[in-house]
Amino acid sequence: MQMPLIGNLRICNMLSSMIKNHRIPHAILIEGEEGLGKKTLAQFIAKACLCTNENSPCGECKTCHLVEVGSHPDFQIIQPDGSQIKVDQIRNLRVEAFLTPMAARGRVFIISDAHTMNEAAQNAFLKVLEEPPKGVTFILLAKSARLLLETVRSRCVTFTLSPVFFEDDAINKVAALAGVTYSEAQTLLIATDGNIGRAINSANSETVFLSGIAVKILSLAAAKDRLGILRCLQPYVKDRAKVAEIIFELKSALAKEIKKKAMKELSSFTAEKLNFCYSELTNIQNKLEFNPSIPLIFCCIAAVLAA
Ligand SMILES: [Zn+2]
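Residue positions are given per chain, counting from 1 as you read along its sequence in written order. With the structure being a predicted model, the display of local features is reserved for residues of pLDDT at least 70 and the display and counting of side-chain atom pairs for 80 or more, all residues being used for whole-chain, interface and lining totals. Excluding hydrogens and water, the side-chain figures rest on all heavy atoms present in the structure.

Bringing the packing of helix α12 (residues 240–262) against helix α13 (residues 271–288) into the picture now. Interhelical geometry of α12 versus α13 gives an angle of 160° and a closest axis separation of 10 Å. In this view, α12 runs roughly antiparallel relative to α13, as classed from their interaxial angle. Here α12 runs over α13; the crossing is left-handed. The segment α12 lies against α13, with Arg240, Val243, Ala244, Ile247, Phe248, Leu250, Lys251, Leu254, Ala255, Glu257, Ile258 and Lys261 engaging Ala271, Leu274, Asn275, Cys277, Tyr278, Leu281, Thr282, Ile284, Gln285 and Leu288. Gly counts as polar in this scheme, as do all residues outside two lists: the nonpolar Ala, Val, Leu, Ile, Met, Phe, Trp, Tyr, Cys and Pro, and the charged Asp, Glu, Lys and Arg. Considered class by class, the residues forming the contact of α12 with α13 number 15 nonpolar, three polar and four charged. Note on geometry: axes are lines fitted to C-alpha atoms, helical ones only across the stretch in contact, with angles between N-to-C directions running from 0 to 180 degrees. Under the scheme used here, helices are H or I runs from DSSP no shorter than 4 residues and strands are E runs no shorter than 2 residues, and both carry numbers assigned from the N terminus. Oblique is the label for every angle not falling under 35 degrees (roughly parallel), over 145 degrees (roughly antiparallel), or within 65 to 115 degrees (roughly perpendicular). The handedness criterion is simple: a crossing whose near helix is rotated anticlockwise from the far helix by less than a right angle is left-handed, and one whose near helix is rotated clockwise is right-handed. Throughout, a residue-residue contact means that at least one pair of heavy atoms, one from each residue, lies within 4.5 Å.

In structure tokens, the structure reads:
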């Protein structure tokens, strides 16, 4: 089966070669924020560990299917009990890890939200990591590796999932999964800071979509691409309410840039330009109340931003 991870090509290639050469590490740490595909990737690795078909994981056999639905006897997902993974849960895991596999050639444990292991739990886990039972694979999922003890971290092979913005293949996949066009998928990814999960989930969210358009328009403004800005606005020429929302989102995006600038972070604009655009957009916003022609408003916006 194909690697289900979207984007993150380097990790995909590295893992594919590990799987092909039967060199899957016994402890893997996948870090990244919610929505980047940690669980999907962990499940894929679990299948690869347990599936015995050629081109493992085949994604079609009983083993793969049981892992998919979470009921393979040699596959377990440990989740926080309340807000933490407690030491007793890890002690149970240690006992389980040393049992002979029931159906497969090994066992796989996914530790979801591994960063919620308290220190006692992490130290208990460390013991099993130091002398891992044969054929057992641990896959830890964490928001950030830094939330784990250095001793635990250093015994894992870490994969850091990144947000996805510009990879063609990734945009196509998001488009297919969210049921939107290529350019809409691009907008969704921009609006969600490249978070695939959020992009797909918010395919129906107008606000996320419009804020993506605003960010896109600002990037065109940075390139002084007046025509590009007009093209972005064109689909809304008959929708006055949406034009008002886009202007609102543009101002929020500008406000963010102004804040960035104040924090001395990198921005594509000078402070003067940002303040100029912000106040001009406020003027345009006010003009909207007098029912002006929308194409005229679009020209004003493009002229101001691409000035
Ligand atoms: Zn299989």
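Here the focus is the coordination of the zinc ion. We call an atom a donor if it is N, O or S and sits within 2.8 Å of the metal, or 3.2 Å for Na, K and Ca. Water is not counted, so some sites may look partial. Protein ligation of the zinc ion involves Cys51 (SG), Cys58 (SG), Cys61 (SG) and Cys64 (SG), the donor distances falling in the range 2.3 to 2.4 Å. Classification of the site at the zinc ion rests on its four donor atoms, whose angles at the metal span 103 to 117°, yielding the label tetrahedral. Within one chain, the residues donating to the zinc ion are spaced in sequence as C-x6-C-x2-C-x2-C. An identical accessibility class is assigned to Cys51 and Cys58; each is buried. Donor angles set the geometry label: tetrahedral for four donors if every angle is between 85 and 135 degrees, square planar for four and octahedral for six if opposite donors exceed 155 degrees and the others are between 65 and 115, irregular for anything else. Exposure categories follow from relative accessible area, calculated using a 1.4 Å probe and restricted to protein chains: below 20% of the type maximum is buried, above 50% is exposed, and the middle band is partly exposed.

The next thing to look at is unusual backbone geometry. With the exception of glycine, most residues fall at negative phi, and the peptide bonds are largely trans. In this structure, the amide linkage connecting Ser56 to the following residue, Pro57, adopts the cis form with an omega of -5°. We note that His22 has phi near 50°; this positive angle belongs to a residue other than glycine. By secondary structure assignment, the location of His22 is in the loop between α1 (9–20) and β1 (27–31). Here the phi dihedral of Asn291 falls at roughly 50°; this positive angle occurs in a residue that is not glycine.

For the domain bounds, the source is a domain assignment made automatically or taken from a database. The domain boundaries assigned to the chain delineate domain 1 (9–160) and domain 2 (205–305). Taking only C-alpha atoms into account, the centre of domain 1 sits 45 Å from that of domain 2.

Right, let's talk about the sheet that holds strand β5 (residues 157–160) for a bit. Ordered by their spatial adjacency, five strands build an open sheet running β2-β3-β4-β1-β5, and the pairing between neighbours is parallel. On the outer flanks of this sheet lie β2 (75–78) and β5, each paired with one strand and no other. Pairs of neighbouring strands in the sheet enclose a mean axial angle of 15°, with direction left out of account. Between any two strands, at least two bridges found by DSSP are needed for them to pair. Here strand β3 (residues 107–111) pairs with strand β4 (residues 136–142) via five bridges, running parallel. Looking at the pairing, Ile110 lines up with Ile139 of β4. The sheet contacts of helix α5 (residues 119–130) involve β1, β3 and β4, and relative to β4 the element is tilted by about 140°.

Counted residue by residue, β3 has five buried out of five residues, so it is predominantly covered. The two faces of β3 match: Arg107, Phe109 and Ile111 on one face and Val108 and Ile110 on the other face are all buried. Pairing of β2 with β3 involves four bridges; the strand directions are parallel. Paired with Gln76 across the two strands is Phe109, which belongs to β3. Each parallel crossover has a hand, and for β3 linked through α5 to β4 it is right-handed. Orient the strands so they point away from the viewer, and a crossover whose first-strand-to-second-strand path over the helix runs clockwise is right-handed.

It is worth spelling out the pattern of salt bridges at this point. What makes a salt bridge here is a side-chain nitrogen of Lys or Arg within 4 Å of a carboxyl oxygen of Asp or Glu, nothing more. Inspection of the entire model under this criterion finds 13 salt bridges. Across the pair Arg107 and Glu96 runs a salt bridge, and its minimum N-O distance is 3.4 Å. Highlighted residues: Arg107 in strand β3 and Glu96 in helix α4 (residues 87–97), separated in sequence by 11 residues. The closest approach of N and O atoms between Glu150 and Arg153, which form a salt bridge, is 3.5 Å. Of this pair, Glu150 and Arg153 both sit in helix α6 (residues 150–153), three residues apart, which is roughly one turn of that helix. Taking relative accessible area as the criterion, Arg153 reaches 24% and is therefore assigned partly exposed. One continuous salt-bridge network, built from bridges that share partners, spans Asp74, Glu96 and Arg107.

Turning our attention to helix α8 (residues 182–191). Along α8, the residues classified as buried are Ala185, Thr187, Leu188, Leu189 and Ile190. If you follow the buried residues of α8, they end up packed against α7 (168–178), α9 (196–201) and α10 (206–222). Just beyond α8, the residue with positive phi is Asp193, at close to 55°.

Two rings from Phe, Tyr or Trp (for Trp, the six-membered ring) form a pair when their centres sit within 6.5 Å of each other. Planes less than 30 degrees apart are called stacked, planes more than 60 degrees apart edge-to-face, and all others tilted. For the structure shown, the criterion picks out three aromatic pairs. When the centroid spacing of 5.7 Å and the interplanar angle of 35° are considered together, the rings of Phe165 and Phe166 count as tilted. Residue class for Phe166 comes out exposed when judged on its relative accessible area of 69%. An aromatic cluster of at least three residues, connected via ring pairs, comprises Phe109, Phe125 and Phe138.

The geometry of α10 relative to helix α11 (residues 226–233) is characterised by a closest axis approach of 8 Å and an angle of 165° between their N-to-C directions. In terms of axis orientation, α10 runs roughly antiparallel to α11. α10 and α11 meet at a crossing whose hand is left-handed. When α10 is examined against α11, the residues Lys216, Ile217, Leu220 and Ala221 are found in contact with a partner set consisting of Gly228, Ile229, Cys232 and Leu233. Grouping the constituent residues of the contact of α10 with α11 by class yields six nonpolar, one polar and one charged.

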